[in-house]
Amino acid sequence: MGEKFLRVNDLHVHFPTDDGLVKAVDGLSFDLEKGTTLGIVGESGSGKSVTSLAIMGLHRHSRARVSGEIWLDDVNLLEIEDEELRSLRGRKMAMIFQDPLSAMHPYYTVGKQLTEAITVHHKVSKADARRTVVDMLGRVGIPNPNRRFDQYPHEFSGGMRQRAMIAMALINDPELLIADEPTTALDVTVQAQILDLMRSLQDEFGSAIIMITHDLGVVAEIADDVLVMYGGKCVEYAELDDAFHQPDHPYTWGLMTSMPRLDRDRQERLVPVAGNPPSLINVPPGCAFHPRCAFREYSPLPCDSVVPELLQSYPKHDSRCHIPVPKRAELFSEQIAPKL
Ligand code: SF4
């Protein structure tokens, strides 16, 4: 086992609103080594994107109440000054957003924006910065990078813009890269290319990656560990193979049975988890998943009033459900595995 590079301990991100307190993230803990990828999976509103913004320090100066610890190496990101955080962003940790058009400035050329990403952290000549940027644009698979340098974001296709965002995130060789649904808006072929690209860049730079997604298929492609979030909490956390071969939480089962498969036609593939994600203002009491859970009858405790703890089910495999582990294993192999 390598050294833990990122350690998140008991993270809470709450937003006071006129309608009540939104508990977007409620006691989340995980860690990550260099050169490995953690996939954080969940529906919208599960708290996964709020978690990534908390790591980047992007809730500062907002109404969010953030508590817990986020250690990057030996620095607690929640305790450092704004200036130190700014110097870490881009250089030590960087983020790829879902929508590169809104993350890139429309009035500046792609080359200028990437150049600034370098010069904000390093003293380099204009010519050297340009060389580095053109080289990076080429490495992320953008053809004619020298010409593309002088173009504006709107002149790039969706896939090329996403590559430019990845280039911007990687330009200072960050040790932690957070990618928030980086492939959602892209067609399947470009999606596969972007995931390939991230994998090979990880091999090259040894970065730690957090991949935020609603799509277990993406996680299967790229992650080493998987963390499933529901209602602001982790409900399952395991190594990739375990999570796929012995998923241990009814919500994960729902995600798995709704996962796209190439051998099924499109209509058949779109089977979402029944019901709606919970309101984070009025999180259902007990297990937040109980209104949607088809397995409550197997629980020895009342799911609508007793909150399940996150407990170890197998070595390096935790989950949050009242049903005893052997019974869950039986339910999975009898009722879920045949559908996969
Ligand atoms: Fe379902 Fe109850 Fe387990 Fe929650 S605790 S996942 S409601 S069986």
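I would appreciate a short explanation of the domain arrangement of the protein chain in the present structure.
In many reports, interface size means the accessible area that the parts give up when they come together. According to the domain assignment, the protein chain consists of domain 1 (4–223) and domain 2 (229–339). Measuring from the centre of the C-alpha atoms in domain 1 to the corresponding centre in domain 2 gives 28 Å. Around 1900 Å² of area is buried between domain 1 and domain 2 when both sides are counted, 62% of it from carbon and sulfur atoms. When the area that domain 1 buries against domain 2 is broken down by residue, the three leading residues are Asp-26, Glu-43 and Leu-216, summing to 29%. Counting the contacts that link domain 1 with domain 2 gives two salt bridges. One salt bridge in this structure joins Asp-26 and Lys-233, with 3.0 Å as the shortest N-O distance.

Help me understand helix H5 (residues 126–139) in this model?
Residue pairs three or four apart in sequence face the same way in an α-helix, which turns once every 3.6 residues. The end-to-end C-alpha distance of H5 is 20 Å, a good match for the 20 Å that 14 residues give at a rise of 1.5 Å each. By the burial criterion, the buried members of H5 are Ala-129, Val-133, Val-134, Met-136 and Leu-137. An end-on view of H5 places all buried positions within 165° of arc, on one side of the element. Gly-141 lies just past H5 and shows a positive phi near 90°.

Scoring rules and cut-offs
Residues numbered from 1 in each chain as written. Predicted model: local features only at pLDDT ≥ 70, side-chain atom pairs only at ≥ 80, totals over all residues. Heavy atoms only, no water. Domains from an automatic or database assignment. Buried area = accessible area lost by both parts, 1.4 Å probe. Salt bridge = Lys/Arg side-chain N within 4 Å of Asp/Glu carboxyl O. Helix = DSSP H or I, 4+ residues; strand = E, 2+ residues; numbered from the N terminus. Expected span 1.5 Å × (residues − 1). Buried < 20%, exposed > 50% of the residue type's maximum accessible area, 1.4 Å probe, protein only. Arc of directions from axis to C-beta.

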